[in-house]
Amino acid sequence: MTQTGNSSQTNQETVQYIKKKISENLPADKSINLFHCLNELNDDSLVEEIQQSLRSGRLSTDELLDCCNLSERSCEALSSVLSSQTSRLRILDLSNNNLQDSGVELLSAGLKNSHCELETLSLSGCLITQKGCASLASALKSNPSHLRELDLSYNHPGVAGVKLLSAQREEQWRLDTLRYCITSPNSFLYSCHLTINTNTVNRHLKLSENNKKVTFEKELQSYPDHSDRFDVFHQLLCRDGLTGRCYWEVEWSDLGYISVSYRGIRREGNNNDCLFGWNSQSWTLCCSRDRGYTVCHNNRETYISSSSSSFSHRVAVHVDWPAGTLSFFKVSHDSLFHLYTFNTTFTEPLYPGLGFRAWPESYMVLSEIRL
């Protein structure tokens, strides 16, 4: 048998095993993870498996969970479920998935169907623009009977997208709650004012522009001794710990590490316990003009993309501490492009941080967001 044939047989065996596990009485979150595995294997029975689980009652919850790395194909499957006469879905949370407008268009086909009785739809942080809003407005105009709450926060619908939804709401929807915010470098609902903790700044980092710009310098700066100061790595932390929903932006030049950390990260020494991203205390996005983007947490590094002509030297950071999400976005032409989202459970306040390598004159700037 050829290597291609072996691979196909292995995939089929994996699919059959997953279907067997789905047929068992599993918790809802485990069932959904198995549906996601079928999706990754491009199995044609995904829609039928979801529908069978709903009909049989094995999927006993009336909610689907967020942060599941759902794809466009997943939206097609969910649309079929929403259109089913046997669908019992009332709450659908697809927040923090990379659905984009194409996924929302597929989902909207199910929302249009008269069998859909969805009451709450959460699409927070799904990279939806005006085009996706138009699809939603059209779908809910066709079937206005049930939806009571729509969450479109942390997207970039633009003023026109918001007007489309708001107009339909006023005309005929039963919609009680419409959440949204227009995201651009100059407007964000949860923007926060960051202040650098000067006691943490490594002596090779120079502060300027009212302590908003940080530049790497070969010459040591004359900061006083302090136990909070990073003595080896070219890093710093901000003063206030974050425990809510927060957003900020950073402009970078050649190479920069944009991070968040627990307060307890080590400050003295030349080991991973002190280096942003290379321990359990911190998370980081590395931005490089030559290498592109990588993320790192607890010694695990993930490559995101290579540099290109569309490369941006501005990054947005969104923390939703209660939900356990840390998201990084590329900011380009007043739009946000999702790079990566960490999903975890935060146990302590998070302190924004910046890190440098020894590149002369490289700099980063904490940007002010005007609301």
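Conventions used here
- Residues numbered from 1 in each chain as written.
- Predicted model: local features only at pLDDT ≥ 70, side-chain atom pairs only at ≥ 80, totals over all residues.
- Heavy atoms only, no water.
- Helix = DSSP H or I, 4+ residues; strand = E, 2+ residues; numbered from the N terminus.
- Contact = heavy atoms within 4.5 Å.
- pLDDT = per-residue confidence, 0-100.
- Disulfide = S-S within 2.5 Å.
- Buried < 20%, exposed > 50% of the residue type's maximum accessible area, 1.4 Å probe, protein only.
- Pairing = 2+ DSSP bridges.
- Core = buried A, V, L, I, M, F, W, Y, C linked by side-chain atoms within 4.5 Å.
- Phe/Tyr/Trp six-rings, centres within 6.5 Å; stacked < 30°, edge-to-face > 60°.
- Lys NZ or Arg CZ within 6 Å of the ring centre and 35° of its normal.
- Salt bridge = Lys/Arg side-chain N within 4 Å of Asp/Glu carboxyl O.
- Axes fitted to C-alpha atoms, helices over the stretch in contact; angles between N-to-C directions.
- Parallel < 35°, antiparallel > 145°, perpendicular 65-115°, else oblique.
- Nonpolar A, V, L, I, M, F, W, Y, C, P; charged D, E, K, R; others polar.
- Expected span 1.5 Å × (residues − 1).

Student: What is the right way to look at the environment of Ile 128 in this model?
Tutor: Mapped onto the elements of the fold, Ile 128 is located in the loop between β3 (120-122) and α6 (130-142). Sequence separation between Ile 128 and Val 104 is 24 residues, and the spatial gap between their C-alpha atoms is 7.8 Å. For Ile 128, the contacting residues outside a window of four places in its chain are Asp 101, Val 104, Leu 123, Cys 133, Leu 152, Asn 155, His 156 and Pro 157.

Student: Mind showing me how you'd approach the confidence of the model for the protein chain here?
Tutor: When pLDDT drops low, the exact placement of atoms in the prediction is not to be read closely. In this model, the protein chain carries a mean pLDDT of 81, and residues with pLDDT of at least 70 account for 78%. Averaged over each element, pLDDT in the protein chain is lowest for strand β1 (residues 63-64) (52) and highest for strand β8 (residues 234-237) (98). The low-confidence segment residues 182-188, where pLDDT is below 50, has 32 contacts with residues more than four positions distant or belonging to other chains.

Student: How should unusual backbone geometry be read in this particular structure?
Tutor: In most cases, non-glycine residues show a negative phi, while peptide bonds are predominantly trans. With a phi close to 50°, Glu 209 is a non-glycine residue in the positive phi region. Looking at where Glu 209 falls in the secondary structure, it is placed in the loop between β6 (205-208) and β7 (213-216). You will see that Asn 211, though not glycine, has its phi angle at about 65°, which is positive. Secondary-structure assignment places Asn 211 in the loop between β6 and β7.

Student: I tried to follow the state of the cysteines on my own but got confused; where do I start?
Tutor: The term disulfide refers to a covalent linkage connecting the sulfur atoms of a pair of cysteines. Applying the stated criterion across every chain, the model contains 0 disulfides. Left unpaired, Cys 192 is separated from the closest cysteine sulfur, that of Cys 246, by 4.6 Å.

Student: When you look at the pairing of strand β11 (residues 282-288) in this model, what are you seeing that I'm missing?
Tutor: Looking down a regular strand, the side chains alternate between one sheet face and the other. Most of β11 is tucked away, with 7 of its 7 residues classed as buried. Both faces of β11 are covered, namely the face carrying Ser 282, Thr 284, Cys 286 and Ser 288 and the face carrying Trp 283, Leu 285 and Cys 287. As paired strands, strand β10 (residues 255-261) and β11 are joined by 7 bridges and run antiparallel to one another. Pairing of Ser 261 across the sheet is with Ser 282, part of β11. Here β11 runs beside strand β12 (residues 292-297); their pairing, made up of 6 bridges, is antiparallel. Among the inter-strand pairings, Trp 283 is bridged to a residue of β12, identified as His 297.

Student: Any chance you could explain the nonpolar core here in plain terms?
Tutor: A general tendency of soluble globular proteins is for nonpolar side chains to be buried together. If you look at the biggest cluster of nonpolar residues, it comprises 36 residues, and the most contacted ones within it are Trp 248, Val 315, Leu 326 and Phe 328. Considering every element that reaches this core, the biggest residue donor is strand β9 (residues 245-252), with 4 residues. Counting residues in each nonpolar core, the second largest holds 35 residues, with Ile 18, Leu 78, Val 104 and Cys 133 among its members.

Student: Help me understand the packing of aromatic side chains in this model?
Tutor: Counted by the stated rule, this structure contains 5 aromatic pairs. Measuring from ring centre to ring centre gives 5.3 Å for Trp 283 and Phe 346, while their planes differ by 80°; the resulting arrangement is edge-to-face. You can see Trp 283 sitting in strand β11 and its partner Phe 346 sitting in the loop between β16 (335-343) and β17 (351-356), a full 63 residues away along the chain. On the numbers, 5.0 Å between centres and 70° between planes, the contact of Tyr 340 with Phe 342 is edge-to-face. Classification of Tyr 340 by relative accessible area gives partly exposed; the value is 26%. Within the aromatic cluster, the residues linked to one another by ring pairs are Tyr 262, Trp 283 and Phe 346. Over the ring of Tyr 363 we find Lys 213, and its NZ or CZ is 4.6 Å from the ring centre.

Student: Could you clarify how one ought to interpret the pattern of salt bridges in this entry?
Tutor: Side chains that carry opposite charge are capable of pairing whenever their charged atoms lie near each other. Applying the stated rule across the entire model yields 9 salt bridges. With its nearest N and O atoms 3.0 Å apart, the salt bridge here joins Glu 117 to Arg 90. Within this pair, whereas Glu 117 is found in the loop between α5 (100-112) and β3, its partner Arg 90 is found in the loop between α4 (72-83) and β2 (91-93), the two being separated by 27 residues in sequence. Judged by its relative accessible area of 23%, Arg 90 is partly exposed. For Lys 131, the salt bridge is made with Glu 105, and the minimal N-O distance between the two is 3.7 Å. Of the two residues, Lys 131 is situated in helix α6 and Glu 105 in helix α5; the sequence distance between them amounts to 26 residues.

Student: Looking at this structure, I do not really get the environment of Lys 213. What am I missing?
Tutor: By the secondary structure assignment, Lys 213 is in strand β7. Taking the C-alpha atoms as reference points, Lys 213 and Val 365, separated by 152 residues in sequence, lie 4.3 Å from one another. Excluding its chain neighbours within four sequence positions, the residues that come into contact with Lys 213 are Lys 206, Leu 207, Ser 208, Tyr 363, Met 364 and Val 365.

Student: Would you explain the packing of α5 against α6 in this entry?
Tutor: In helix packing, the relevant descriptors are the interaxial angle and the interaxial distance, both defined with respect to the helix axes. The contact between α5 and α6 brings their axes to 8 Å, and the two run at 0°. Of the possible angle classes, the one that applies to α5 and α6 is roughly parallel. For the pair α5 and α6, the contacting residues are Asp 101, Val 104, Glu 105, Ser 108, Leu 111 and Lys 112 in the first and Lys 131, Gly 132, Ser 135, Leu 136, Ser 138, Ala 139 and Ser 142 in the second. When grouped by side-chain class, the residues that make up the contact of α5 with α6 number 4 nonpolar, 5 polar and 4 charged.

Student: Looking at this model, I keep getting lost on α6. Mind explaining?
Tutor: Spacing of three or four residues puts side chains on the same side of an α-helix, whose turn is 3.6 residues. If you check α6, its first and last C-alpha atoms are 19 Å apart, about what 13 residues at 1.5 Å a residue would give, namely 18 Å. For α6, every residue scored as buried is listed here: Gly 132, Cys 133, Ser 135, Leu 136, Ala 137, Ala 139 and Leu 140.

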